[in-house]
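# Inside the fold
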Amino acid sequence: MKIMKNINKVFFYFKKVKDCCDKEVAEVAKEIGITKPEADVLIYLINNENQNKCCDIVDFRGFSKAYVSKAVKKLVNRGYISYIKDEKDKRYQHIIINAKAKKIVETLNNNQQIIINKMFDGISEEELTNFKTVINKITNNLERK
């Protein structure tokens, strides 16, 4: 099968995209005086208001519990985020971004838009739709038991 010959290239390209995005986030994090893990947590929270527990960040982003825990602790200590207990399940706490982090969040959000625009520059809506379809099929194939 021809796909098998090129599978290493596919993995290489996915890694390259991730590495480029990680580099951009690390650079902006350094500029605004936070760590990359702190930036990763804040970016996640910006984009996922309703899935705002530490376990959500671990599950959806694939970060280790220790990575998220250390970043969240630093952000709490700086006053950038706070916890609110879950009313339905007291075992969980939801993370909210505090007003003190407003400028940092705006910078991270703007940087994220720049990265996204750069990443998809020259890609048509049709190409993007096809890409999403293929990625969705791959994911479904891998999740099938």
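An account of the accompanying structure is given in this report. (Residues numbered from 1 in each chain as written. Predicted model: local features only at pLDDT ≥ 70, side-chain atom pairs only at ≥ 80, totals over all residues. Heavy atoms only, no water.)

## Here we look at the packing of helix α2 (residues 36-47) against helix α4 (residues 65-78)
Rule in force here: Between N-to-C directions, angles span 0 to 180 degrees; the directions come from axes that are lines fitted to C-alpha atoms, helices contributing only their stretch in contact. Only runs of H or I of at least four residues qualify as helices and only runs of E of at least two qualify as strands under DSSP, and these elements are numbered from the N terminus. To sort the angles, those under 35 degrees are grouped as roughly parallel, those over 145 as roughly antiparallel, those from 65 to 115 as roughly perpendicular, and the leftovers as oblique. Whether two residues touch is decided by their heavy atoms; if any such pair falls within 4.5 Å, the residues are in contact. Think of it as three bins: nonpolar holds Ala, Val, Leu, Ile, Met, Phe, Trp, Tyr, Cys and Pro, charged holds Asp, Glu, Lys and Arg, and polar takes everything else, Gly as well.
Two numbers describe how α2 lies on α4: the axes approach to 8 Å, and their chain directions differ by 85°. By the criterion of interaxial angle, the relationship of α2 to α4 is roughly perpendicular. Contacts from Lys 36, Pro 37, Glu 38, Asp 40, Val 41 and Leu 42 of α2 reach α4 at Tyr 67, Ala 71, Val 72, Lys 74, Leu 75 and Arg 78. Here the contact of α2 with α4 is composed, by residue class, of seven nonpolar, no polar and five charged.

## Re the layout of surface pockets
Under the convention used in this document: Lining residues are defined by having an atom within 4 Å of a point belonging to a cavity or pocket. Those points lie on a 1 Å grid over the protein atoms alone, cavities being sets where a 1.4 Å probe fits but cannot get out and pockets being open sets with protein on both sides within 12 Å along at least five of seven lines. Grid points are joined across faces, edges and corners, and a volume is the space filled by probe spheres set on the points.
Estimates place the volume of the largest pocket at around 910 Å³. With 12 residues, the top contributor of residues to the lining of the largest pocket is helix α1 (residues 2-32). Split by residue class, the lining of the largest pocket holds 19 nonpolar, two polar and four charged. Put simply, the second largest pocket is a space of about 580 Å³. Cys 21, Ile 43, Arg 61, Gln 112 and Met 119 are, among the 16 residues lining the second largest pocket, the residues nearest its centre. A total of five residues in the lining of the second largest pocket trace back to one element, the largest contributor, which is α1.

Any functional reading would require information that these geometric values do not contain.
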